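# Descriptive structure summary
One-letter residues, chain by chain:
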Amino acid sequence: MVGDNLIETHALTKRYGEHRAVDRLDLTVRRGEIYGFLGPNGAGKTTTLRILLGLVRATSGTVRVLDAEPGDPKALPNIGVLIESAAFYPYLSGRDNLRTFARYCKVPDARVEEVLEIVSLTDRGGDKFAKYSLGMKQRLGLAAALLKDPELLILDEPTNGLDPAGITDMRRLIRKLGRDGHTVVLSSHLLGEVQQICDRVGMIARGKLVREGTVDELRGTATLEVVAEPLAQAREIVAQLIGADNVMDADNALRLNAKPTDAVRINRELVLAGIAVSTLHWIERSLEEIFFEVTDEPQAELTTTKGGV
Amino acid sequence: MLASLNAELFKLRKRTALWLIVAVWVVLSLLFGYVFPYLSYRGIAAGPGAAGGESAARAISSALPGGLASTAIAGFPLFAGALAMILGVLTVGSEYGWQTVKVMFTQGPRRGAVLAGKVGAVLVIMLGVVILTFILDGAASLLVASMADKAVSWPAFGDILRGVGGGWLIVSMWALGGMFLGFLLRGTAIAVGLGLVWALAVENLLRAFASTISVINWLQKFFPGTNAGSLAAALGVPAMGADGGTPGITAAVSGTQAAIVLACYLVVFVGISAILLNRRDVA
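Residues numbered from 1 in each chain as written. Chains lettered and ligands numbered in written order. Predicted model: local features only at pLDDT ≥ 70, side-chain atom pairs only at ≥ 80, totals over all residues. Heavy atoms only, no water.

### Digging into the layout of surface pockets
For the record, the criterion: The way it works is a 1 Å grid over only the protein atoms, where trapped points that fit a 1.4 Å probe form a cavity and open points with protein on both sides within 12 Å along at least five of seven lines form a pocket, and then any residue with an atom within 4 Å of a point lines it. Grid points are joined across faces, edges and corners, and a volume is the space filled by probe spheres set on the points. In the scheme used here, Gly and all other residues not listed as nonpolar or charged are polar, with Ala, Val, Leu, Ile, Met, Phe, Trp, Tyr, Cys and Pro taken as nonpolar and Asp, Glu, Lys and Arg as charged.
In this structure, the second largest pocket spans a volume of roughly 370 Å³. Residue composition of the lining of the second largest pocket, by class: 11 nonpolar, 5 polar and 5 charged.

### A few points about the interface of chain A and chain B
The following threshold applies: What makes two residues a contact is simply this: any of their non-hydrogen atoms within 4.5 Å. Accessible area that two parts lose when put together, evaluated with a 1.4 Å probe and summed over both, is termed the buried area. Throughout this description, the term salt bridge denotes a Lys or Arg side-chain nitrogen within 4 Å of a carboxyl oxygen of Asp or Glu. What qualifies as a polar contact is a pair of N or O atoms within 3.5 Å, subject to a donor-acceptor requirement within protein and to the restriction that residues adjacent in sequence count only when both atoms come from side chains.
In this complex, chain A contributes 29 residues to the contact, which on the side of chain B involves 30 residues. Carbon and sulfur atoms supply 60% of the area buried between chain A and chain B, which totals about 2,700 Å² over both sides. Of all residues in chain A, the largest losses of buried area upon contact with chain B belong to A:Leu55, A:Tyr91 and A:Tyr104, amounting jointly to 27% of the total for that side. In this structure, the connection of chain A to chain B is made through 2 salt bridges. One salt bridge in this structure joins A:Lys14 and B:Asp281, with 2.9 Å as the shortest N-O distance. If you look at where chain A meets chain B, you find 15 residue pairs in polar contact (both at pLDDT 80 or more).

### A word on the sheet that holds strand β7 (residues 183-188) of chain A
Pairing between sheet strands relies on hydrogen bonds along the backbone, with the strands arranged either parallel or antiparallel. All names here are of chain A. Worth spelling out the cut-off: Pairs of strands are assigned from DSSP output, requiring at least two bridges between the strands. Strands here are runs of E lasting at least two residues and helices are runs of H or I lasting at least four, both read from the DSSP assignment and numbered beginning at the N terminus. The angle between two axes is taken between their N-to-C directions and runs from 0 to 180 degrees, where each axis is a line fitted to C-alpha atoms and a helix contributes only its stretch in contact.
One open sheet holds the 6 strands; their spatial order is β5-β6-β7-β3-β8-β9, and the pairing between them is mixed. Strands with a single pairing partner mark the edges of an open sheet, and in this sheet they are β5 (79-82) and β9 (208-214). Taking the axes of each pair of neighbouring strands and ignoring which way they run, one obtains an average angle of 15° across the sheet. Looking at chain direction, β5 and strand β6 (residues 152-156) are connected through 4 bridges and run parallel. In the sheet register, Leu-82 faces β6, and the bridge partner there is Leu-155.

### Thoughts on the pairing of β9(A)
Residues and elements named next belong to chain A. Sheet analysis places strand β8 (residues 200-205) next to β9, joined by 6 bridges and oriented antiparallel. Residue pairing across strands places Gly-202 opposite Glu-212, the latter belonging to β9. Counting the residues in the hairpin turn of β8 and β9 gives 2 residues, including Arg-206, whose phi is positive at 50°.

### Quick look at the pairing of strand β1 (residues 5-16) of chain A
Residue and element names in this part refer to chain A. When β1 meets strand β2 (residues 19-30), the two strands line up antiparallel, connected through 8 bridges. Directly across from Ile-7, in β2, lies its bridge partner Val-29. Between β1 and the antiparallel strand that follows it, β2, lie 2 residues; Gly-17 among them carries a positive phi value of about 65°. Bridge count for β1 against strand β4 (residues 60-65) is 5 bridges, and the pairing is antiparallel. From the neighbouring strand, Thr-9 faces β4, where its bridge partner is Val-63.

### Description of the confidence of the model for chain B
Cut-off, in case you're wondering: A residue's pLDDT is the confidence the predictor assigns to it, expressed on a 0 to 100 scale.
Of all residues in chain B, 94% attain a pLDDT of 70 or more, and the chain-wide mean is 90. Confidence metrics for the complex model read pTM 0.84 and ipTM 0.88.

### Some thoughts on the pattern of salt bridges
Using the following cut-off: Throughout, exposure labels follow a simple rule: accessible area from a 1.4 Å probe, protein chains only, divided by the maximum for the residue type, with under 20% read as buried, over 50% as exposed, and the rest as partly exposed.
Counted by the stated rule, this structure contains 26 salt bridges over all chains. Residues A:Arg99 and A:Asp96 are paired through a salt bridge, measuring 3.3 Å at the closest nitrogen-oxygen approach. In this pair, A:Arg99 and A:Asp96 are both assigned in helix α2 (residues 94-104), 3 residues apart and thus about one turn of the helix distant. Judged by relative accessible area, A:Arg99 falls into the partly exposed class, the value being 26%. Between A:Asp96 and B:Lys14 there is a salt bridge; the shortest N-O distance is 3.1 Å. You can see A:Asp96 sitting in helix α2 and its partner B:Lys14 sitting in the loop between α1 (2-13) and α2 (16-41), one on each of two chains. By relative accessible area, which is 32% here, B:Lys14 ends up partly exposed. Each of B:Glu8, B:Lys11, B:Glu95 and B:Lys118 takes part in one network of salt bridges that share partners.

### Comments concerning empty space enclosed by the protein
Tallying each qualifying case throughout the model produces 7 cavities of 30 Å³ or more. Counted as a void, the largest cavity has a volume near 100 Å³. Taken together, A:Val81, A:Leu82, A:Ile83, A:Ser85, A:Ala86, A:Ala87, A:Phe88, A:Gly141, A:Ala144, B:Lys102, B:Val103 and B:Thr106 make up the full set of residues lining the largest cavity. Of all elements in the fold, only β5 and α4 (134-146) of chain A together with α6 (100-105) of chain B reach the threshold of two or more residues within the lining of the largest cavity. Along the lines of polarity and charge, the residues of the lining of the largest cavity split into 8 nonpolar, 3 polar and 1 charged.

Structure, rendered in structure tokens:
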């Protein structure tokens, strides 16, 4: 399996009594991609990740991670993890916390300094973890995940609690890790975050995978919105140019399934016909629209924070 | 397993709580083993039992170098055992409280290796504290002998080794019992509370009924505290009720049986901990 897919689940299910936290989940994560695992709070994201790491046992279904069972010591040295909030020993400094975990995975202390440098905590590495800000704690969590220089990184809500600058830094870091050849699974309830960072996205709701694909695949083809006067005459002209089937009405505007090269031609023909064109722009569906389209989740549960990356 | 042991020792030696427990342990050992007996001997004590004479002579004899092998472990079944139990709980329960257990389990070692590392670290620390207790108590006994103008006569080396070994077994049993409670209850507060209530109250209360209720008399021979006290008694610590008897020390079972039962407790505590650790989800 480990040729293309680093993670594969089939019909993965986790039940707590009658409640299905994860419900027949089929998931694939390919080598070298940043995979966004998107869903509202309580959708089953963290439970799924815990199963992938062997922390929680599945009720049924199959899971392979790096061609091994979840939690297999053969695979774990190649997996870096940040699950939910960063968990460390409060009485130890950031540096000593990393040294402790480095001992568990037989990583030399020199690597601790490297990862502190990567997350920009070298100067504060000697401070006690208990005195760290939330942002510093999350960065230390990422440093711990990087200790083993793992092939696969599983990051669960890594921007939780970070201020806007911290969110920007974290996203930049995650994208850099992706460029450096790491495979990253990024669990998030932030649609903007996933849309900006990830190559492929799996959407989960009530424990079920409701959609999976690249961001572009999920968003589909962009549509061209035209606001013109008179609209009926504009519709006739556009229908002649790209076909009536590709023209839709929408709130005093036209929505066109057109090729990128059609935009200039449509604009020119409308203007030559004496039609006043006030708006002509491409509309791309956001992941947010797609998510609400495929689920019945109330919008309040997902956040559309864009952030500035 | 060695990687886990290395990690455990690294983080434990930087933990203030460990050094606080060790400090309380050795201070109590010195107070009850040497300071109070010396004060009794010098007639400074003024309680109703501070009669001086024969009891003062007995008190000072236990505080001299010749009594080191038994005096150093006199507190192990009771206060040192309780402290060891707290330490055992802390090594495990805190991992759940801080949620570091999930980080440990995703670093690479098998869960069994993590457990082995924790058990190994606790056993190493217990041995270290027992040896430290013997060294400090030995120094205190020399000081007492010097101040009381008594001859210095050390116990046989074999007796000291038996004392160290027996003491290590007693406090290790309590410490691993604490670890077991930490795993069972996945926390610190309730585990410490229940452990101390059992060790310091319940067992002693049950023992009070042992002379009148035969079932309890039979059962108490398998209690951890009874066997810890019996092993200490077999190593020369006066049993409670006898002249100069020590709380927590009993002669309810033989030293051999006590050692076997304590060893069984070690195995059972580690075994159940392993089962709990391997079968439970880390939520």
